[in-house]
Amino acid sequence: MATPQPFKVEIQQSVIDGILDKVRSYDWHEMPDIEAGADRWAYGTDMVYMKELCAYWAKRFDWRAAEEKLNAFPQFKADVDGQEVHFYHVQGSGKNPQPLLLTHGWPGTVFEFLGVIDQLAHPENHGGNAEDGLTLVIPSLPGYGFSGKPKKPLGPKRTAELWNKLMCETLGYDTYIAQGGDWGSVVTGWLGYNHGVDKQGGCQAIHLNMWGLRPGGVLPETPEEQTWAAEAGAVMAAESAYLQLQATKPQSLSYAMMDSPVGVAAWITEKFNTWSDTEGEDGTKHIENAYTKDQLLSNIMIYLVTRTFNTSTWFYRGFFEEGGSEMAPGTRVEVPTAIANFPREFIKFPPRSMVEKGYNINQWTDFKAGGHFAALETGSTFASNVSTFAKQLKG
Amino acid sequence: MTHRIVPADPFKIHVPDHEIADLKHRLEQTRFPNEPDGNEHWAYGTNLSYMERLVSYWRDDFDWRKQEAWLNSFPQFKAVLTDDDDQDHEIHFVYEKGSGPNPIPLIMTHGWPSTFREFLDVVDRLAHPEKYGQAGPAFDVIVPSLIGYGFSSLPRIPIGPAAIADLWHRLMTEVLGYDTYAAQAGDWGSFVTSRLALQHPKAVRAIHLTMLPLRPNMKHESQSAITPEEATWIKEMKTWWSTEEGYRVIQSTKPMALAFGLADSPAGLAGWLADKYYRLGDTNKSHEWEGMEARFPMDTILTQLSIYWFTGTINSANTLYKAGPEEGSSLLQSGERVTVPTGYTEYPMDTLPITPRSWAERSYNLKTFKVMEKGGHFAAMEEPELFSNDVRSAFEKLL
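Description of the structure in this document. (Residues numbered from 1 in each chain as written. Chains lettered and ligands numbered in written order. Predicted model: local features only at pLDDT ≥ 70, side-chain atom pairs only at ≥ 80, totals over all residues. Heavy atoms only, no water.)

### Examining the overall build of chain B
Thought 1: Across its full length, chain B carries 17 helices and nine strands.
Thought 2: Expected size for 399 residues packed as a compact globule is a radius of gyration near 21 Å; at 20 Å, chain B falls within 12% of this value.
Thought 3: The dimensions of chain B, computed from C-alpha atoms along their principal axes, are 55 × 50 × 45 Å.
Thought 4: When each of the 399 residues of chain B is scored for burial, the buried share is 62%.
Thought 5: Pairs at least 24 residues apart make up 79% of the contacts formed inside chain B by residues separated by at least 6 positions.
Thought 6: Surface exposure of chain B reaches about 14,800 Å², of which carbon and sulfur atoms provide 50%.
Thought 7: The centroid of the 38 positive side-chain charges in chain B is displaced by 4 Å from the centroid of its 54 negative side-chain charges. (Helix = DSSP H or I, 4+ residues; strand = E, 2+ residues; numbered from the N terminus. Rg over C-alpha atoms; globule rule 2.2 N^0.38 Å. Buried < 20%, exposed > 50% of the residue type's maximum accessible area, 1.4 Å probe, protein only. Contact = heavy atoms within 4.5 Å. Areas by Shrake-Rupley, 256 points an atom, 1.4 Å probe, with all protein chains shown as cover. Lys, Arg positive; Asp, Glu negative; His and termini not counted. Charge placed at Lys NZ, Arg CZ, Asp CG, Glu CD.)

### Regarding the environment of Val85(A)
All names here are of chain A.
Thought 1: As for its placement among the helices and strands, Val85 is situated in strand β3 (residues 83-90).
Thought 2: Accessibility expressed as a relative area gives 0% for Val85, which makes it buried.
Thought 3: For the pair Val85 and Gly145, spaced 60 residues apart in sequence, the C-alpha to C-alpha distance is 9.9 Å.
Thought 4: Once residues within four sequence positions are removed from consideration, Val85 is found in contact with Phe76, Lys77, Ala78, Val80, Pro139, Ser140, Ser147, Trp163 and Leu166.

### Comments concerning the side chain of Thr311(A)
Thought 1: In this structure, Thr311(A) sits in helix α12 (residues 309-321).
Thought 2: Of note is the side chain of Thr311(A), whose polar atom sits 2.8 Å from the backbone oxygen of Gly143(A). (Polar contact = N/O pair within 3.5 Å; in protein donor to acceptor, adjacent residues only side chain to side chain.)

### Topic: the packing of aromatic side chains
Residue and element names in this part refer to chain B.
Thought 1: Using the criterion set out here, one finds 53 aromatic pairs over all chains in the structure.
Thought 2: Ring centres of Trp188 and Tyr321 lie 5.1 Å apart, and the angle between their planes is 85 degrees; on these two criteria the pair is classed as edge-to-face. Of the two residues, Trp188 is situated in helix α6 (residues 187-199) and Tyr321 in helix α14 (residues 320-327); the sequence distance between them amounts to 133 residues.
Thought 3: Both rings, one in Trp240 and one in Trp241, keep their centres 5.1 Å apart while their planes meet at 85 degrees; by these two values the pair is edge-to-face. (Phe/Tyr/Trp six-rings, centres within 6.5 Å; stacked < 30°, edge-to-face > 60°.)

### Digging into the interface of chain A and chain B
Thought 1: Taken together, the contacts link 51 residues of chain A with 54 residues of chain B.
Thought 2: Overall, the association of chain A and chain B removes approximately 4,300 Å² of surface from exposure, summing both partners, and the carbon and sulfur fraction of that is 58%.
Thought 3: Among the residues of chain A in contact with chain B, Tyr43(A), Lys249(A) and Tyr255(A) are the three that bury the most area, contributing 19% of the side total.
Thought 4: Counting the contacts that link chain A with chain B gives five salt bridges.
Thought 5: A salt bridge links Glu270(A) to Lys254(B); the shortest N-O distance between them is 2.6 Å.
Thought 6: Summed over the shared surface of chain A and chain B, the number is 23 residue pairs in polar contact (both at pLDDT 80 or more).
Thought 7: Of all the secondary-structure elements, those providing two or more residues to the side of chain A that touches chain B are α2 (47-59), α7 (223-239), α8 (241-248), α9 (250-257), α10 (261-274) and α12 of chain A. (Buried area = accessible area lost by both parts, 1.4 Å probe. Salt bridge = Lys/Arg side-chain N within 4 Å of Asp/Glu carboxyl O.)

### Some remarks on the sheet that holds strand β7 (residues 203-208) of chain A
Residues and elements named next belong to chain A.
Thought 1: Strand order across the open sheet formed by nine strands is β1-β2-β3-β5-β4-β6-β7-β8-β9, with mixed pairing between neighbours. Either end of the sheet is taken by a strand with one partner, and the two such strands are β1 (5-7) and β9 (359-366). Strand-to-strand twist in this sheet, taken as the mean axis angle between neighbours without regard to direction, amounts to 25 degrees.
Thought 2: Pairing of strand β8 (residues 333-341) with β9 involves seven bridges; the strand directions are parallel. From the neighbouring strand, Ala340 faces β9, where its bridge partner is Thr365. (Pairing = 2+ DSSP bridges. Axes fitted to C-alpha atoms, helices over the stretch in contact; angles between N-to-C directions.)

### A word on the environment of Phe260(B)
Thought 1: In this structure, Phe260(B) sits in helix α9 (residues 255-264).
Thought 2: Residues Phe260(B) and Pro353(B), 93 residues apart in the sequence, show an inter-C-alpha distance of 35 Å.
Thought 3: When neighbours within four sequence positions are excluded, Phe260(B) is seen to be in contact with Tyr26(A), Trp28(A), His29(A), Thr45(A), Asp46(A), Met47(A), Met50(A), Ser260(A), Val262(A), Gly263(A) and Ala266(A).

### Description of a negative patch on the surface
All names here are of chain B.
Thought 1: Negative charge collects at one region of the surface, where Asp84, Asp85, Asp86 and Asp88 lie side by side.
Thought 2: With respect to the secondary-structure elements, Asp86 resides in the loop between β2 (76-82) and β3 (88-96).
Thought 3: Asp86 gets classed as exposed once you look at its relative accessible area, which sits at 59%. (Patch = residues over 30% accessible without salt bridge, like charges linked within 9 Å, V, L, I, M, F, W, Y side chains within 5 Å.)

### Things to note about the nonpolar core
Thought 1: By size, the foremost hydrophobic cluster in this structure holds 256 residues, and its most contacted members are Trp57(A), Trp63(A), Trp267(A) and Trp112(B).
Thought 2: No other element matches helix α10 (residues 266-280) of chain B, which puts nine residues into this core.
Thought 3: Setting aside chain neighbours within four positions, we find Trp57(A) in contact with Ile19(A), Leu20(A), Val23(A), Pro261(A), Val262(A), Ala265(A), Leu297(A), Ile300(A), Met301(A) and Leu304(A). (Core = buried A, V, L, I, M, F, W, Y, C linked by side-chain atoms within 4.5 Å.)

### Here's the deal with helix α7 (residues 228-244) of chain B
All names here are of chain B.
Thought 1: Taking 1.5 Å as the rise per residue, α7 with 17 residues should run 24 Å; its terminal C-alpha atoms sit 24 Å apart, in good agreement.
Thought 2: Along α7, the residues that are buried comprise Glu230, Trp233, Met237, Trp240 and Glu244. Buried residues of α7 fall within an arc of 90 degrees about the axis and therefore sit on the same side. Seen from the buried face of α7, the exposed residues on the opposite side, beyond 90 degrees, are Pro228, Lys235, Lys238 and Thr239.
Thought 3: Looking at the buried side of α7, the elements it contacts are α8 (246-253), α10 and α15 (357-363). (Expected span 1.5 Å × (residues − 1). Arc of directions from axis to C-beta.)

### Quick word on the pattern of salt bridges
Thought 1: Evaluation of the coordinates by the stated rule reveals 45 salt bridges over all chains.
Thought 2: Taking the shortest distance from any N to any O, the salt bridge between Lys254(B) and Glu239(A) comes out at 3.0 Å. Linking Lys254(B) in the loop between α8 and α9 with Glu239(A) in helix α7, this pair reaches from one chain into another.
Thought 3: With a closest N to O distance of 2.9 Å, Lys293(A) and Glu288(A) form a salt bridge.
Thought 4: The structure contains a network of salt bridges with shared partners spanning Lys249(A), Glu244(B), Asp275(B), Lys276(B), Arg279(B) and Asp350(B).

The following block contains the structure:
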């Protein structure tokens, strides 16, 4: 197993300039009229907001500042089974910090976790105890960000295999805790299911903030479960187009996206708006109640500077090619599982009665605020919940 | 004749030089994606080597002025109609008067991802059959650009096929002065044409379709139980759609998530649309690009793409997929049926199974039903002679 090589993000100025030139020269077009007071995102991405975002992008966004944030923590690249994996590796405080593997999803990146690294690794800086520090491993999914581009689609089940090797062989840990949302929750589910300590893997516990890997053959039974199923079905009908497209014909989308930075920004920003807790104190919704433009653009820019939009969408196709996200009927994840249920998550957890059929739950938290990108949206709330779980596992 | 109350102004296409230069510039700057191993037969979507060939031809060899002159060799007009919601629509249309004393007025409507150009290879054949040694009726051929497509106007508030059908009726009566007329179409045009027949059955004498968009209301007592043949067909269609409908689902829910990229990148526009020509055209799919280019020569497909690009209509065209379903006009009401005599011709497309005749009869007063051995979804472009002869012979039976 090759030794991980230190890595820093250093993007050539010509790459940044090429992107910004295209943003500056974007030729704006029309969008359907939206009545005053109606949802400006009803047709997809709001053009008024895109103009505002792009004006900021072109004039004020500072990639070098974002790069500095990305480089504030130690990064490495390692070859894992032929896949080049980029990851953060942050040593936690205390005598014996337990390793924690954090996995992002689409259209996120490792950027989602930058804001929680210090609190998780060094709780003493945040009013906690240094002995509760966790050693963090935060990889970029295959085909995402600074990881290598696979030659053909691969999915979360295969990624879990790579992650277990990364943790146990490349980094030499006996056991670790895994956490994830979005695709990260599916990868993390597979880690618990296929690579748990009960199965000679290293994964000792998992923490999920999305309903990813599901128990096979389980149908909604109770009235609450049926209500959840009906609502989840309606949400998928309205929201799953990107998924259906990326899971079937990612290449038909790629020509536009790989040629248009604003196109990528619009495709991704729509998701951040729709999937997040964007409600302000006055009850009105705006994407910047959840994120700053710098946050949105830093994440988008990672897709652009690495030219990974296309390969990131392949993960959907890879997911279906490897057989989807169901456990064998009658089986479940046996390692201890924490569920972090954020209210604005669009792929909602079913009632606990149904989740228990797939997971050995020993922590369940219903949050008051937050959505799909929980680490980025709620920061310390998310980190405290993960820390609490890790502490509890130590007994 | 109905009194003509709305004027139509002659129209010629002229794309300014700077827009042609801008397109060329964008094509020169194109940054292509990578491609997964195993995409030789477009399994993951539009093939990269085809796209490289297409973009290179568009940039270096395609002569828009030549295609523009050809488009302008057809008499074109624009007329403005105000709809019931007080929205003005400027309708672009080709209007070729037929030979002889009594040509049949025929309005032909294209769909997505097509334009009025789809029918131009058959305009002369239908208007002047004698020039092609064909007996039978001649037609006054009217080919409009759908609202939000090509040289028609972009709606401020998207409208669906039922609303477009009312505009088409007024185009035929108030602008062109016909009392009665016939209609022909495929794809979205077949929705518009079916609605035209439902909404204006006295004026529409007969329709001929190459796609059957209306769905019967199976809960109504007049509908007999699904036959085994229909059940098999429905199942096969669902299987086909499960891997093909990504474009439809995104365009029907979040067209504006997609619009920014397609409007910024001519290669992106081409990549998005070419997949449909490949998949739905009667293309030989055994090679990365040979079958596609044999079926849709570069000049042909690039004229279609250039119309989308120069008119900036990809977003408004895609949005028909949202406005259409929102209008709720594809499911027939209980007991409702198209009473106007209807002809249907099915052209082979990809691996789609043949529609059972009984299914067509549930929604339409079906008088002719024909299955072709070649042709594809864009039959008027793919097999102009076969298509025009079939349309003529269908209307001979229907009228």
